[in-house]
Amino acid sequence: MLGAQALNAQQLAIQTIGNNLSNVNTPGYARQRANLVETDTMLTGSGEQGTGVSVSDIESVRSTLLDGLVQQSLGSQGYADDQASLTSTVQTALGENFTSTSTTGSASTTSSGAIQTALSNFFTSLQSLAASPSDSTTRQEVVQDATSLTTALNGAYSRIQQTQGQIATDASSITSQINQLSSTIASLNQQIVSVQSASGGTANDLIDTRSQDITQLSSLVNVTATTQSDGTVTVALADAPSVVLVSGINGGGAGTTQSLSVSYAPTSSTPLTVSGSTSGALGAGIPSSGSLGSHLEVANTLIGAPAADGGTGLLGQLDDVADSLKTQMNATNEAGFDLNGTAGTAFFTGTGADNIAVASNIAANPSLIAAASTTGAPLDGSNATVMANIQNSSSVVPAFQDIVSGLGSTVSAAATNQSTQDSVTTQLQNQQNSVEGVSIDEEMTNLISFQQAYSASARFVTTISSLYSTLLAETQ
Amino acid sequence: MRVTASTYTNLAISSSQSAQTQLAQLQQEISTGNSIQSPSDDPALYSQAAQDQSTLNQLNAYTQAAATATTMTAQNNTAMTSLHQVVAQAGEYLAGVSTNMTTAQLQNVGTELQGLVTQLTSIVNQKSSDGSYLFGGTANVAPITSSGTYNTGTNGNTTTIDVQSNNPVQVTIAAGSSGPPAIDGFLYDSASGTDVLGALQQAMTDLNSGNASAVLSNDVPAVNKALNLISSYVGSTAASMSAVSTATTQLSQQTTSEQTTINGLVQTNLPTASVQLQQLEMQYQASLEAATRVMNLSILNYMSQVTTPA
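Since this is a predicted model, take the numbers as computed values, not measurements.

Asker: Please clarify how the overall build of chain A should be interpreted in this entry.
Answerer: A tally of helices and strands in chain A yields eleven helices and 14 strands. A compact globule built from 476 residues would reach a C-alpha radius of gyration of about 23 Å, whereas chain A, at 36 Å, exceeds it by more than 25%. With the C-alpha coordinates aligned to their principal axes, the bounding extent of chain A is approximately 140 × 60 × 30 Å. For chain A, buried positions account for 46% of its 476 residues. Within chain A, contacts between residues at least 6 apart in sequence are counted, and of these 66% link residues at least 24 apart.

Next comes the structure, spelled out in structure tokens:
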């Protein structure tokens, strides 16, 4: 009996090692340990006598502290990763990059982006118009450069809006993942309670799976997971604790108490919002972390709404630049006189960067550009000089450069934050792995130890068997 | 700290990705020749470079304007020099007049003078390459009509071009007109009472009528005043040319300087980048080798060595 018990115990320990080795690369797996204990002693005439060994339980080696820290860190990591990726995408959409330096002889040229180049060309052609106000070719160039500028502004605006739309689609996909994970966690809650109440032990593997799901959920949205006395976990949004995603085994479906969804309204002052199926619309900026938080931040704050809808993000700022350019150019053109001596009309039309365009009458007839300050003076280009000097207005070229530089700083800061957060997460995961991870060498060493113990126990059984055989042979 | 199997793997992946990111960045810098591609590569540097780029663009625009100004001021100076020769020639003809000359002789001089007036009209009514009149002010009309009188449709407005920031240069000059309304220019000056065309035409009238004394007492002084007026314009147009030339030289220097500044900001320092590339390559190789060696180490190797002979 003692030998058989020992064989069983060593075998269970070896099986546990086998399970650990099998799961050495399984994400979220925490190494398990067969805890061997002496069985109850037996009182004999010679005193207490041991009765062997048994496995008290198979313990999953977990650190609640490190698990919680890693979950929090992954929430921040998910935010930082997506923030770096999304802001970089927005920067690409704006399209203001330094192009390659081309070298011709000793001279080289650089270009600082489509809009900045278009702005520069437009004001340069206006300067040329000031010198040659009656030259039809110069007037045509002004119209062409103005059209290039408006096309560049329209294009950048459109690309950024499309990026915002894609972010909204992506956010919707993230909420689907969140809902799926919430449902899975609730289902695992049910299974864990069921297994633990039936076996009286701990459902280590199910807890590992649930832990992995919570970790995955944390990278999507910042949550708090609280373990209840019955072994279930309650999952709620960290920013809004009243928004409970999973509560025990109760709730609709497999235990998910509510699902999240996003709504996208490009012309709203807050274009992207998150709602809970029972909590309704969450406050602005909630959730603030995880991938979903990053999507909200980029869509609502970095890109924002058009200026007409109260937006102060990238779209609003582009609208402001376009509006300032339009207002100043129109006022100047209307104050001057065209080649025919007629008072000038609006140069640009449109309500913002998305639809600013050269006025159709001027596009069709460049002689209507009011280059002169006085009527009947076709060779007067002084009003064109005033137009060219609009480039020095702080609300046009410098304002646009501020937009580009500001976006660059945001992208750079996001990349730095990602790097820092990556370092923090890696260190925490290494610490978690140090406690919970499987070491092949350690397991193999233990395997040899348990293998030897098993062999010894088997030899013990053989010896006892031999003793009994000898005894039986002598008594026959 | 307890080390597990994934510790080595995670470390190897992390260091590999880090090295590859840096290698890719260096590769891009070296292949494009630019140390920054996007604003986020170095926001402060990008901001500075973008501002310098704007300044360079503006300098290029001023350089274009200066080239136009050079052409226009040169045209003006050439025209004034030619006009000066014409009026000087007229002055010489009139200086040769004496009361002893016969009416026929005086009329011959008048004919010579008529030829000079035709030349003057041709110079004053010349057009630029785009077909606009050079000296009609901003009205784009011929300053002298086909009947040889001042065109009252002209104006005295002149054009200036900014060849540098806050450095406007006058690139057109107006012929002017005795009016009405009187307009000051290189043919008429109300302050000194000089009328170039009028002086020559009056001289022709006096010559053709054989009035030598009127020529000597009135026309010669009037033409001399005209010559003085034209001379002042030869001087002022030469000064404008000189101002444009100075500005062009300064613009060229500023453009070179600005371009050098931008290149210094955004161009890759190839020697430094090459050294960095070499260091990174070595670092990456060392990292890979360390990972390969450490990850191959396991008790399994020794167990197989022990169990194989058995």
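Asker: Any chance you could explain the sheet that holds strand β7 (residues 223-227) of chain A here in plain terms?
Answerer: Residue and element names in this part refer to chain A. Read from one edge of the open sheet, three strands run β7-β8-β9, paired in antiparallel fashion. With one partner strand each, in any of the chains shown, β7 and β9 (244-247) form the two edges of the open sheet. The mean angle between the axes of side-by-side strands here comes to 10°, regardless of whether they run parallel or antiparallel. Strand direction decides the pairing type here: strand β8 (residues 233-237) and β9, joined by three bridges, are antiparallel. In the sheet register, Thr234 faces β9, and the bridge partner there is Ser247. Contacts from helix α4 (residues 136-199) reach β8 and β9, with the element oriented near 20° to β9.

Asker: What is the right way to read the domain arrangement of chain A from this model?
Answerer: Often, the extent of an interface is quoted as the loss of accessible area on bringing the components together. You can read the domains of chain A as domain 1 (1-61 + 437-476) and domain 2 (112-160 + 310-410). Distance between the C-alpha centres of domain 1 of chain A and domain 2 of chain A: 86 Å.

Asker: Before we go on, may I ask you to explain the interface of chain A and chain B in this structure?
Answerer: Taken together, the contact pairs 52 residues of chain A with 51 residues of chain B. At the level of elements, α2 (64-94), β6 (107-109), α3 (114-131), α10 (397-436) and α11 (440-475) of chain A are the ones that each hand at least two residues to the side of chain A that touches chain B. With 14 residues, the single largest contributor to the side of chain A that touches chain B is α10(A). The residue makeup of the side of chain A that touches chain B, split by class, is 18 nonpolar, 30 polar and four charged.

Asker: Honestly, α4(A) in this entry has me stumped. Any pointers?
Answerer: Owing to its 3.6 residues per turn, the α-helix brings residues three or four apart onto one side. The end-to-end C-alpha separation of α4(A) is 93 Å, in line with the 94 Å expected for 64 residues at 1.5 Å each. Just past α4(A), the residue Gly200(A) takes up positive phi, approximately 75°.

Scoring rules and cut-offs
- Residues numbered from 1 in each chain as written.
- Chains lettered and ligands numbered in written order.
- Predicted model: local features only at pLDDT ≥ 70, side-chain atom pairs only at ≥ 80, totals over all residues.
- Helix = DSSP H or I, 4+ residues; strand = E, 2+ residues; numbered from the N terminus.
- Rg over C-alpha atoms; globule rule 2.2 N^0.38 Å.
- Buried ≥ 20, exposed ≤ 12 C-beta atoms within 10 Å, placed from the backbone.
- Contact = placed C-beta atoms within 7 Å.
- Pairing = 2+ DSSP bridges.
- Axes fitted to C-alpha atoms, helices over the stretch in contact; angles between N-to-C directions.
- Domains from an automatic or database assignment.
- Nonpolar A, V, L, I, M, F, W, Y, C, P; charged D, E, K, R; others polar.
- Expected span 1.5 Å × (residues − 1).

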